[in-house]
Amino acid sequence: MKIVATIAELRSLRPKLAGPVGFVPTMGYLHEGHLVLVRQARAENPSLVVSIFVNPTQFGPHEDFKQYPRDPERDLALLEKEGADVVFIPSAEEIYPPDFNSWVEVGKLAERLEGAARPGHFRGVATVVARLFNIVQPDKAYFGQKDAQQLIVIKKMAADLGMDLEVIAVPTVREPDGLAMSSRNTYLNDEERKQAVVLYQALNLAQKLYAGGEKDAKAILRQMTALIQQQPLADIEYISIADAETLEELDTVRPPALVSMAVRFGKTRLIDNVVV
Ligand code: AMP
């Protein structure tokens, strides 16, 4: 496994990688959710590149960029075990030199849901992913359904900018009790962690109501909200049922619909979703 910190090194390595080249971009502090992406990419491609980069531009000024958990040594050991060929682990200056000044904006899709709650977030995500795609030149790039809107935004960016690669969605990996795996789960204290399972329970409730014939989005959202509010530490930021392609809010639920939410537990902000 080659560990590469500069764009120049990666550029000189890239022609030697047998295609198709699979790519998994991450912010590190790897857990089983990341590793499922890594394994799928490993299985589907003769060459596998993984990046580890905590991207400063996708964090708001009052968000957790500084506290975001980091453990590159452990990450590298895990990736070695999974058989990655190349790990790209650049510094912030390598990705954003002082005169860096080009940004990717994806428009409407990036302004709803997470984009509305975290202004500038998807501009940072789209910009860094575009830059990583140009550096790594993957044939297939793997993203988790856990970050459903990110996946939609990246697919749209790749299509709009004529990028010659396939964006592949990987299902959400969950803890045994249903909580979606996330590097941010480490922020939760014991009581918050116990209560956090309510996100998954609320998504299940939405699916159950829909399967039982309830098509009124407001009615489903009302019941989900009531369930979440039974957990005293849960603070709902948004909860939404939207068209899974346009992300426009639905009055009447019809497939494919994205049921998604952001809920705070103390200082920890969790997101989760399901497509019905
Ligand atoms: P991150 O390091 O949080 O930027 O995540 C890197 C990639 O892993 C993204 O494509 C995420 O959507 C994906 N990912 C993170 N957590 C999970 C999970 N629990 N299940 C599936 N994919 C995940």
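The coordinates are above.
In this numbering scheme, every chain counts its residues from 1 along its sequence in written order. It should be noted that, the model being predicted, local features are given only for residues of pLDDT at least 70 and side-chain atom pairs only at 80 or more, the latter also being counted only at that level, while totals for whole chains, interfaces and linings use all residues. Side-chain figures throughout are based on the complete set of non-hydrogen atoms in the structure, without hydrogens or water.

This part covers the sheet that holds strand β1 (residues 2–4). Within the open sheet, the 6 strands sit side by side as β1-β4-β3-β2-β5-β6. Their pairing is parallel. Single-partner strands in this sheet number two, and they are β1 and β6 (166–170). When the angles between neighbouring strand axes are averaged without regard to direction, this sheet yields 25 degrees. A pair of strands is treated as paired once DSSP finds two or more bridges between them. Only DSSP runs of H or I with at least four residues qualify as helices, and only runs of E with at least two residues qualify as strands; both kinds are numbered from the N terminus onward. As paired strands, strand β5 (residues 140–144) and β6 are joined by 5 bridges and run parallel to one another. In the sheet register, Lys-140 faces β6, and the bridge partner there is Glu-166. Sitting on the sheet, helix α2 (residues 32–44) is in contact with β2 (21–26), β3 (47–52), β5 and β6, with an inclination near 155 degrees to β5. Only C-alpha atoms enter the line fits that serve as axes; for helices the fit covers just the stretch in contact. Angles between N-to-C directions range over 0 to 180 degrees. By definition in these notes, contact holds between two residues if any of their heavy atoms fall within 4.5 Å.

A separate point is the sheet that holds strand β9 (residues 268–275). Taken in spatial order, the 3 strands make up an open sheet running β7-β8-β9, and their pairing is antiparallel. Since the sheet does not close on itself, it has two edges, and those belong to β7 (234–243) and β9, each with one partner. Neighbour to neighbour, the strand axes of the sheet diverge by 15 degrees on average, direction disregarded. Two strands pair when backbone bridges link them, and strand β8 (residues 257–265) and β9 are joined in this way by 8 bridges, in the antiparallel orientation. For Val-259, the partnering residue across the bridge sits in β9 and is Val-274. Packed on one face of the sheet, helix α10 (residues 217–229) meets β7 and β8 and runs near 160 degrees to β7.

In this description, a nonpolar core means a group of buried Ala, Val, Leu, Ile, Met, Phe, Trp, Tyr and Cys residues linked to one another through side-chain atoms lying within 4.5 Å. Relative accessibility decides the category of a residue: with a 1.4 Å probe and only protein chains considered, values under 20% of the type maximum give buried, values over 50% give exposed, and everything between is partly exposed. Formed by 46 residues in total, the largest nonpolar core has its most connected members in Phe-88, Ile-95, Val-129, Phe-133, Phe-143, Ile-154 and Met-157. Taken together, the elements giving at least two residues each to this core come down to α1 (7–13), β2, β4 (86–88), α6 (121–136), β5, α7 (148–160) and β8. Examining the composition of this core, we find that 10 residues originate from one element, α6, more than from any other. With near-sequence residues (within four places) excluded, Ile-95 lies in contact with Phe-53, Phe-88, Pro-90, Phe-100, Val-128, Arg-131, Leu-132 and Ile-135. Counting 29 residues, the second-largest nonpolar core is a separate cluster that includes Leu-199, Leu-205, Ile-241 and Val-259.

Moving on, we come to the side chain of Asn-273. Tracing the backbone shows Asn-273 in strand β9. Any N or O atom pair separated by 3.5 Å or less is treated as a polar contact, with the protein-specific requirement of one donor-capable and one acceptor-capable atom, and with residues adjacent in sequence counted only for side-chain atom pairs. For Asn-273, the side chain forms a polar contact with the main-chain oxygen of Gln-145, separated by 3.0 Å. In this structure the side chain of Asn-273 is engaged in a polar contact, spanning 3.0 Å, whose partner is the backbone oxygen of Lys-146. For Asn-273, the contacting residues outside a window of four places in its chain are Gln-145, Lys-146, Asp-147, Ala-148, Arg-174, Leu-203, Leu-258, Val-259 and Ser-260.

Turning our attention to the pattern of salt bridges. Salt bridge, as used here: a side-chain nitrogen of Lys or Arg that lies within 4 Å of a carboxyl oxygen of Asp or Glu. Following the criterion strictly, the structure yields 15 salt bridges and no others. The salt bridge partner of Glu-82 is Arg-39, with a shortest N-O separation of 2.9 Å. With Glu-82 in helix α3 (residues 72–82) and Arg-39 in helix α2, this residue pair connects regions lying 43 residues apart in the sequence. You can call Glu-82 buried: its relative accessible area is 17%. Note on Arg-39: relative accessible area 35%, which makes it partly exposed. Here Glu-248 ties to Arg-112 by a salt bridge, and the two come within 4.0 Å at their closest N and O atoms. With Glu-248 in the loop between β7 and β8 and Arg-112 in the loop between α4 (92–95) and α5 (113–117), this pair connects stretches of sequence that are 136 residues apart. What emerges from the salt-bridge pattern is a single network uniting Glu-114, Glu-237, Arg-264 and Arg-269.

Turning to the site of the ligand, a few remarks are in order. Nearness here has a simple test: a residue counts as near a molecule or strand if at least one of its heavy atoms is within 4 Å of that partner. Surrounding the ligand, one finds 17 residues, the nearest of these being Met-27, His-34, Asp-147, Val-173 and Met-181. At a separation of 2.6 Å, an oxygen atom of the ligand approaches a polar side-chain atom of Asp-147. One of the backbone N or O atoms of Val-173 is found 2.8 Å from a nitrogen atom in the ligand. Contact with the protein chains covers 93% of the free accessible surface of the ligand, which is 480 Å². Values of accessible area rely on a 1.4 Å probe in the Shrake-Rupley scheme; residue burial ignores everything except the protein chains shown.

Interpretation note: all reported values are geometric properties and have no functional meaning in isolation.
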